[in-house]
Amino acid sequence: MIPWEISINSQGETPSNGAPAATSELWTIKRLLSWTTDFFREHGAGQSRLDAEILLAEALNCPRIELYTRFDEEPPEAVRGVFRDWVARHAEGEPVAYLVGQKEFFSLKFQVTPEVLIPRPETEHLVTEAIDLIRESSAENVQVIDVGTGSGCVAIAICKHAPQAVMTACDISDSALDVARQNAQAHGVSERICFANSDLLTSVAQPARFDLIVSNPPYIGLSEKADLDKSVIDFEPHLALFSQGANGTETIQQLIEQAAQRLEKNGHLLFELSPMIAERCCSLIQEHPCFQFERLVKDLAGHARIVVAKRIA
Ligand SMILES: C[S@@+](CC[C@H](N)C(=O)[O-])C[C@H]1O[C@@H](n2cnc3c(N)ncnc32)[C@H](O)[C@@H]1O
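Residues numbered from 1 in each chain as written. Predicted model: local features only at pLDDT ≥ 70, side-chain atom pairs only at ≥ 80, totals over all residues. Heavy atoms only, no water.

A word on helix α7 (residues 174-186). Counted at 1.5 Å a residue, the expected span for α7 with its 13 residues is 18 Å, and the 19 Å between its end C-alpha atoms agrees. Turning to α7, its buried residues are A176, L177, V179, A180, N183 and A184. Projected onto a plane normal to the axis of α7, the buried residues spread over an arc of 160° and lie on a single side. Among the exposed residues of α7, those pointing more than 90 degrees away from its buried face are D174, Q185 and A186. Backbone nitrogen of S175 and a side-chain oxygen of the N-cap are separated by 3.4 Å at the start of α7; the cap is S173. Just downstream of α7, G188 is the residue with a positive phi angle, here 70°. (Helix = DSSP H or I, 4+ residues; strand = E, 2+ residues; numbered from the N terminus. Expected span 1.5 Å × (residues − 1). Buried < 20%, exposed > 50% of the residue type's maximum accessible area, 1.4 Å probe, protein only. Arc of directions from axis to C-beta. Polar contact = N/O pair within 3.5 Å; in protein donor to acceptor, adjacent residues only side chain to side chain.)

This paragraph deals with helix α10 (residues 250-262). Here α10 spans 19 Å end to end across 13 residues, near enough to the 18 Å set by a 1.5 Å rise per residue. Those residues of α10 that fall on the buried side of the exposure criterion are E250, T251, I252, L255, I256, Q258, A259, A260 and R262. In this fold, the buried residues of α10 make contact with β3 (142-147), β6 (210-215), β7 (263-272), α11 (278-286), β8 (291-298) and β9 (304-311). (Contact = heavy atoms within 4.5 Å.)

This part is about the confidence of the model for the protein. Chain-level statistics for the protein give a pLDDT mean of 93 and a share of 94% at 70 or above. The low-confidence segment residues 6-21 (pLDDT under 50) makes 17 contacts with residues lying over four places distant or belonging to another chain. (pLDDT = per-residue confidence, 0-100.)

Further remarks concern the nonpolar core. Formed by 35 residues in total, the largest nonpolar core has its most connected members in I158 and I193. Tallying contributions element by element places helix α6 (residues 153-161) first for this core, with 7 residues. Membership of the second largest hydrophobic core comes to 29 residues, among which are L201, F271, V307 and A309. (Core = buried A, V, L, I, M, F, W, Y, C linked by side-chain atoms within 4.5 Å.)

For the ligand, the set of nearby residues contains 20 residues, the closest of which are G148, D171, D199, L200 and N216. Within the backbone of S198, a nitrogen or oxygen atom sits 3.4 Å from a nitrogen atom of the ligand. Residue N216 places a side-chain N or O atom 2.8 Å away from an oxygen atom belonging to the ligand. Considering the ligand on its own, with 590 Å² of exposed area, one finds that the protein chains cover 96% of that surface. Among the secondary structure elements, those contributing two or more residues to the shell around the ligand are α6 and α9 (238-241). For the shell around the ligand, a count of residues per class yields 10 nonpolar, 8 polar and 2 charged. (Near = heavy atom within 4 Å. Areas by Shrake-Rupley, 256 points an atom, 1.4 Å probe, with all protein chains shown as cover. Nonpolar A, V, L, I, M, F, W, Y, C, P; charged D, E, K, R; others polar.)

Have a look at this one:
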């Protein structure tokens, strides 16, 4: 039961004499945050305080920092109603990003809908590696493709930080591509990105070869389905999560084969993976005659996350 449907005093009654209830009895911003943080903690829902703040700031349509200067204010009933609904849904597993319709990635805001994966902080390493490689190049234009673009977060973040990037972004999902196009527009880079519906690279005809192929492909094996959090399995698109087979490497294996055909010599393939499949994926690159394995990048938690490989033959 979420208790702030109506303004009540500590006896559970609405003040009848028209006088405002004492501040401590009102559902002030401070009290709403504190109650919700405990509620999320009890339900094991995400990062309880941060999530409570993001939801309340969005319901109030104000920056999160502003909550701290308005602690004693009681939000209007309509705002409390929206917040109440979101709190109940998040406690049941619905991700905060889908509730508020956005997520920050690489210090940029991205619109997200249930049609796209919620951008993850680990994927920022993919962007950093890509930007470093593009900046090392002396070429005026560097042909880059983001395979499985989803919300477009990787392609757009690269464009914002690497002016030489000439970007293609593809996805097999039309609804994901719609979201990616809107995000590109919002960030002022839609002129620099060519969007394509494609099964990996198969329907991307131009350019024939790329200098850089980046991808955060679906890499969860179908056999791992039962181990996933409810907030992931029940809400995020399965097309974005699951590789095409039991062990998680199937889509990556196809990507490696296609990249061998579509990379310029000395071009790079960067892809994200889970630590569980890192060893197998490194072997796929090391055993491939076209690739030289360069490095395995770890995320901030120390987990293997990004493979960097160069096409040598
Ligand atoms: C893990 S999500 C990554 C989304 C986004 N790049 C990110 O990092 O947040 C994988 C994306 O690949 C797309 N996808 C899945 N299978 C694909 C395929 N065979 N060809 C192209 N895209 C595919 C999904 O629709 C999804 O948007």
